Every structure is written in structure tokens, then in C-alpha cells.
Amino acid sequence: MLTQQELKQQAADAALALIEPLIGPDVVIGVGTGSTADLFIDGLARFKGRLRGTVASSERSAARLAGHGLAVLDLNDVTAMPVYVDGADEIDARLHMIKGGGGALTREKIVASVAERFICIADESKLVERLGGFPLPVEVIPMARQAVARALAALGGQPRLRDGFTTDNGNVILDVAGLRIDDAPALEAAVNNLPGVVTCGLFARAGADVALLATQDGVRRLDRA
Ligand code: 5RP
């Protein structure tokens, strides 16, 4: 029986194998945040000197990449990225995701938006029939915290301030339990539209293109229909 850590490692290894043919001196790889992304970063070190560099979705990942001697580029200096590789808190069969358990959702969404393909790496426990068991992280500008919390409650959620946490962008996170997510792209747009919201952790309007989900029987690949 493989442990969750071993499953995460398998998913990270599968992503490294998938991107290996893309590696070249002009290539920039987008890198996510979290314990699964950390394993991907550690493996990416083997391509040091064979890549132009990486773009990180958090200060934490940037530090880990730099620690391996991998170049970390400013997104403003990058026009194209073939792939962005990151974990998820939940993913469904349509490859819609909830992300932001690590609080890096905004930069994750920005870096992913520049990449041609989003490869999601996770252990099989992240695959759900219906999104919403994991409270939806919402990054909010501090002065709007209460106003946004009231608006999220009006949408049927129970928002809770993530205690003692400030994002890399200087904002706060509301974790919203109890949302009924029937139409993830519509809810993503509705939440993102609330004044004071920077972005929410629904990645549905642009979900993953490929999911590599590690199971006890090997890595299962799902492609967006
Ligand atoms: C961070 C994220 C992560 O991808 C998500 O929390 C999954 O993390 P892990 O790989 O540690 O389970 O969205 O903001």
C-alpha cells in the first residue's frame, strides 16, 4: 500500500516524464505551489542548465526553485510557456478544480493563464464527483473582508477568515464552506465579480488540460474533453 506521499511522488514523476520532451534552452516552465508541486520542483532540478527558467506561483516555490539553482523569471519577462504544473485541493472529471489550500491561488491563476497547458498533479484522493467538499478559498483585499463575507453568505456559503494568514500579495483569504457548486464556471465568475475579491480558487473557466492522478494501481491520466 503506497502512502499519500509516495502517490504524490508518482504524480510528480509522471509530470516530469510528460514535460521532458519539451525541455530546451528557450523553454520556461510554470510551477505551482504545495506539497505535490514541491516534489515536482525537486525533480525539475535534473533539467538545470537545459531550460531558460521557471515562473513560480508563490514566494515559497520561488525559494525552492532557486535553492535547486533553477532560474526564476519575472512573468513580465516571459511571453510563452508550454506548460504550468500544479496540484489541486479538489478536481472533478471535467478537470474543474478547487485550489488555494496553500493560499497561492491568485498567482497560480495568473501563471496558468499564460501557459498553453495546465497539468494537474495529485493523488487520487483529490478526485471528487462534485466540487465543494473543500472550502473554497477566496483572496480578498483586507478593507473588503466583511463586505465580501456578507456577499459570500448571500450566495449560500459560510465564509471564515484564514487566521493569521497574509497572501504573497498582501491580502487575506476567506475559506468558504457549504457552497453548492452546480455550475462551477458561473460561480467562479460570480465570486470573482464581487468588489474586493482578487480571485477565487475555482479553476473552472480555465481548468486543467491534463490530470495525472496517482492511484494504488499506477498513474491515471485524464484529458479535458
Ligand atoms: C496552493 C494550491 C495547491 O495546489 C493545493 O493546495 C494542493 O496542495 P498539495 O499538493 O499540498 O495537496 O492550490 O495554493
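Residues numbered from 1 in each chain as written. Predicted model: local features only at pLDDT ≥ 70, side-chain atom pairs only at ≥ 80, totals over all residues. Heavy atoms only, no water.

A. Representation of the sheet that holds strand 13 (residues 218–223). Spatial strand order, 2-1-3-6-12-13: six strands in an open sheet with mixed pairing. Across the chains shown, the open sheet's two edge strands, defined by having one partner strand only, are strand 2 (53–56) and strand 13. Strand after strand, the sheet turns through a mean of 20° between neighbouring axes, direction not considered. Relative to strand 3 (residues 81–86), strand 1 (residues 28–31) runs parallel, the two being bridged by three bridges. What sits directly across from Val31, in strand 3, is Val85. (Pairing = 2+ DSSP bridges. Helix = DSSP H or I, 4+ residues; strand = E, 2+ residues; numbered from the N terminus. Axes fitted to C-alpha atoms, helices over the stretch in contact; angles between N-to-C directions.)

B. Region of the structure containing helix 2 (residues 35–44). Of all ten residues in helix 2, eight are buried; the element is thus mostly enclosed. Taken as a whole, helix 2 has its buried residues at Thr36, Ala37, Asp38, Leu39, Phe40, Ile41, Gly43 and Leu44. Looking at the packing, one finds that the buried side of helix 2 touches helix 1 (4–19), strand 1, strand 2, helix 3 (59–67), strand 3 and strand 6 (115–123). (Buried < 20%, exposed > 50% of the residue type's maximum accessible area, 1.4 Å probe, protein only. Contact = heavy atoms within 4.5 Å.)

C. A nonpolar patch on the surface, seen in detail. Residues Ile141, Met143 and Val198 make up a contiguous nonpolar surface patch of about 310 Å² in total accessible area. Inspection of the secondary structure assignment puts Ile141 in the loop between strand 7 (136–140) and helix 5 (145–154). Since its relative accessible area comes to 40%, Ile141 is described here as partly exposed. (Patch = residues over 30% accessible without salt bridge, like charges linked within 9 Å, V, L, I, M, F, W, Y side chains within 5 Å. Areas by Shrake-Rupley, 256 points an atom, 1.4 Å probe, with all protein chains shown as cover. Salt bridge = Lys/Arg side-chain N within 4 Å of Asp/Glu carboxyl O.)

D. Up close: the packing of aromatic side chains. A complete count under the given rule lists two aromatic pairs for this structure. The interplanar angle of 80° and the centroid separation of 6.4 Å between the aromatic rings of Phe118 and Phe203 together place this pair among those described as edge-to-face. You can see Phe118 sitting in strand 6 and its partner Phe203 sitting in strand 11 (residues 202–203), a full 85 residues away along the chain. The pair formed by Phe118 and Phe203 is uniform in burial state, with each residue classed as buried. Connected via pairs of aromatic rings, a cluster forms that spans Tyr84, Phe118 and Phe203. In this arrangement the basic side chain of Arg46 is found over the ring face of Phe47, its NZ or CZ atom lying 5.9 Å from the centre. Above the ring of Phe203, the side-chain terminus of Lys109 is found at 5.0 Å from the ring centroid. (Phe/Tyr/Trp six-rings, centres within 6.5 Å; stacked < 30°, edge-to-face > 60°. Lys NZ or Arg CZ within 6 Å of the ring centre and 35° of its normal.)

E. Spatial organisation of the UniProt feature "active site" (unreviewed entry) in the protein. With numbering aligned to this structure, UniProt lists the feature "active site" (unreviewed entry) at Glu108. Position of Glu108 relative to the elements: it lies in helix 4 (residues 105–114). Exposure remark for Glu108: the relative accessible area of 3% places this residue in the buried category. A distance of 3.1 Å separates a polar atom in the side chain of Glu108 from a polar atom in the side chain of Lys99. (UniProt positions renumbered as here; feature names shortened; annotations may be inferred. Polar contact = N/O pair within 3.5 Å; in protein donor to acceptor, adjacent residues only side chain to side chain.)

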